[in-house]
Amino acid sequence: MANLLHDLDENRDHYSRVLEQKPSLYYERFDQDLLEKQPLTKELVDKAFERLFPHKAGRLLDVGCGNAFYYPLLSRHANEIQGIDVCGPMIDEAKEAIAERGLNHCHVQEASALDLPFDDESMDVVFSWDFLHHVPDVPKTISEITRVLRPGGRYIALEPNIMNVSIAWYHFRRRSEWRLFLQNQFSIPRKLRNDFDVMVHYDNTIISFLNDRTWYIWKAADVLTSIPPFHFLSFRYFIDAVKRG
Ligand SMILES: C[S@@+](CC[C@H](N)C(=O)[O-])C[C@H]1O[C@@H](n2cnc3c(N)ncnc32)[C@H](O)[C@@H]1O
């Protein structure tokens, strides 16, 4: 099984190549100007953050922050953001964009989620986006997140929903995404429940795919998945977990 799934080094190499070679995936998912180029995506992400953060967070850790292209929006919801990612080129690009945009309360560094460079109970919120299904050791990652989060703090994770056929097909076609078939809403919440009160919600915030032509398809899917039990077919699920004190 192990050689079918990306380990930490392969993960790092994969995302380094995405930045170096800039395949279509880069422009669809990681482009620093994506939110400006795609106003519909920007609106969707903006609304998602408004829903996820009804109150401004104090100190927020973004685990697996990538190149942090969404910080112009996320940064409105925390007094301080610390981002970490295991892929150096992602962090270099994030640093450049943060400096260019003058987001002085956002800081990023190269580090692994398996060994977070932060003190115990030093974060009010831990956030991750499309990260958990890539990490090679979920129990260790969760134990690190638990360690750095203060009692009563929240862990919020946005993840692809394997029950959505287009999401399942997309991930099936890419080896770098195969962990989703093991690490999803059926397995991850169980690992959090020892230390957290855990809620799982469904949501249609997507980044790639959305443009003027596909908006109507997205809208139809959004209407359909607003009706239970079709919400289980949404594009995404998110975990909202509160650490017990
Ligand atoms: C799909 S990208 C998501 C990046 C960003 N959160 C976003 O939504 O654009 C997944 C990221 O997780 C990072 N990653 C994977 N395993 C990691 C680990 N153990 N520690 C830190 N980062 C990791 C990868 O380097 C990659 O940048």
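The rules behind the values
- Residues numbered from 1 in each chain as written.
- Predicted model: local features only at pLDDT ≥ 70, side-chain atom pairs only at ≥ 80, totals over all residues.
- Heavy atoms only, no water.
- Helix = DSSP H or I, 4+ residues; strand = E, 2+ residues; numbered from the N terminus.
- Rg over C-alpha atoms; globule rule 2.2 N^0.38 Å.
- Buried < 20%, exposed > 50% of the residue type's maximum accessible area, 1.4 Å probe, protein only.
- Contact = heavy atoms within 4.5 Å.
- Lys, Arg positive; Asp, Glu negative; His and termini not counted.
- Charge placed at Lys NZ, Arg CZ, Asp CG, Glu CD.
- Pairing = 2+ DSSP bridges.
- UniProt positions renumbered as here; feature names shortened; annotations may be inferred.
- Near = heavy atom within 4 Å.
- Polar contact = N/O pair within 3.5 Å; in protein donor to acceptor, adjacent residues only side chain to side chain.
- Areas by Shrake-Rupley, 256 points an atom, 1.4 Å probe, with all protein chains shown as cover.
- Nonpolar A, V, L, I, M, F, W, Y, C, P; charged D, E, K, R; others polar.
- 1 Å grid on protein atoms, 1.4 Å probe; cavity = no way out; pocket = protein on both sides within 12 Å on 5 of 7 lines; lining within 4 Å.
- Points joined across faces, edges and corners; volume = space filled by probe spheres on them.

- An unreviewed UniProt entry annotates the chain as Demethylrebeccamycin-D-glucose O-methyltransferase originating from Rubripirellula amarantea.

### Details of the overall build of the chain
For step 1, the next point in the chain: Assigned secondary structure in the chain consists of 10 helices and seven strands.
For step 2, the next point in the chain: Here the C-alpha radius of gyration of the chain, 17 Å, is about what a compact globule of 245 residues would show, namely 18 Å.
For step 3, the next point in the chain: The principal-axis extents of the C-alpha atoms in the chain amount to approximately 45 × 40 × 40 Å.
For step 4, the next point in the chain: The buried share of the chain, taken over its 245 residues, is 53%.
For step 5, the next point in the chain: Counting contacts in the chain only where the partners sit at least 6 residues apart, residues at least 24 apart contribute 74% of the total.
For step 6, the next point in the chain: Where the 29 positive side-chain charges of the chain centre and where its 36 negative ones centre are 4 Å apart.

### Some thoughts on unusual backbone geometry
For step 1, the next point in the chain: Here the bond from proline 228 into proline 229 is cis, since omega is 5°, no more than 30 degrees from zero.
For step 2, the next point in the chain: In this structure, proline 229 sits in the loop between α10 (215-224) and β7 (236-243).
For step 3, the next point in the chain: Here the phi dihedral of lysine 22 falls at roughly 45°; this positive angle occurs in a residue that is not glycine.
For step 4, the next point in the chain: Looking at where lysine 22 falls in the secondary structure, it is placed in the loop between α1 (8-21) and α2 (24-30).
For step 5, the next point in the chain: One non-glycine residue with positive phi stands out, namely glutamate 121, at about 55°.
For step 6, the next point in the chain: In this structure, glutamate 121 sits in the loop between β3 (106-110) and β4 (123-129).

### Quick look at the pairing of β4
Along any regular strand the residues' side chains alternate between the sheet's two faces.
For step 1, the next point in the chain: Where burial is concerned, most of β4 is hidden: six out of the seven residues are buried.
For step 2, the next point in the chain: Sheet analysis places β4 next to strand β5 (residues 149-160), joined by six bridges and oriented parallel. Counted as the bridge partner of valine 126 is tyrosine 155 from β5.

### Notes on the UniProt feature "domain: Methyltransferase type" (unreviewed entry) in the chain
For step 1, the next point in the chain: The UniProt entry lists residues 61-156 under the feature "domain: Methyltransferase type" (unreviewed entry), expressed in the numbering used here.
For step 2, the next point in the chain: Span residues 61-156 is 29% helix and 32% strand, its end C-alpha atoms 10 Å apart.

### Regarding the site of the ligand
For step 1, the next point in the chain: Around the ligand sit 22 residues, and of these Arg29, Gly64, Asp85, Ala113 and Trp129 come closest.
For step 2, the next point in the chain: Separating a nitrogen atom of the ligand from a backbone N or O atom of valine 86 is a distance of 3.2 Å.
For step 3, the next point in the chain: Alanine 113 is positioned such that a nitrogen or oxygen atom in its backbone is 2.9 Å from a nitrogen atom of the ligand.
For step 4, the next point in the chain: Surface burial for the ligand is 99%, taken as the share of its 600 Å² of free accessible area covered by protein chains.
For step 5, the next point in the chain: A breakdown of the residues in the shell around the ligand according to their chemical character gives 14 nonpolar, five polar and three charged.

### Structural notes on the side chain of asparagine 164
For step 1, the next point in the chain: Along the chain, the position of asparagine 164 falls in the loop between β5 and α8 (165-172).
For step 2, the next point in the chain: In terms of polar contacts, asparagine 164 uses its side chain to reach the side chain of serine 166, at 2.7 Å.
For step 3, the next point in the chain: A polar atom in the side chain of asparagine 164 sits 2.8 Å from the backbone oxygen of leucine 233.
For step 4, the next point in the chain: Setting aside anything within four residues of it in sequence, one finds asparagine 164 in contact with Leu233, Ser234 and Phe235.

### Quick notes on the environment of tyrosine 27
For step 1, the next point in the chain: In this structure, tyrosine 27 sits in helix α2.
For step 2, the next point in the chain: For tyrosine 27, a relative accessible area of 45% translates into the label partly exposed.
For step 3, the next point in the chain: Once the C-alpha coordinates of tyrosine 27 and serine 208 are considered, the two residues, 181 residues apart in sequence, prove to be 8.7 Å apart.
For step 4, the next point in the chain: Sequence-distant contacts of tyrosine 27, that is, excluding residues within four places in its chain, are made with Lys22 and Leu34.

### A word on empty space enclosed by the protein
For step 1, the next point in the chain: Counting across every chain of the model gives one cavity of 30 Å³ or more.
For step 2, the next point in the chain: Empty space within the largest cavity amounts to approximately 40 Å³.
For step 3, the next point in the chain: Lining the largest cavity, in full, are Leu5, His6, Asn11, His134, Arg175, Ser176, Glu177, Trp178 and Arg179.
For step 4, the next point in the chain: For the lining of the largest cavity, the class distribution of residues is two nonpolar, four polar and three charged.

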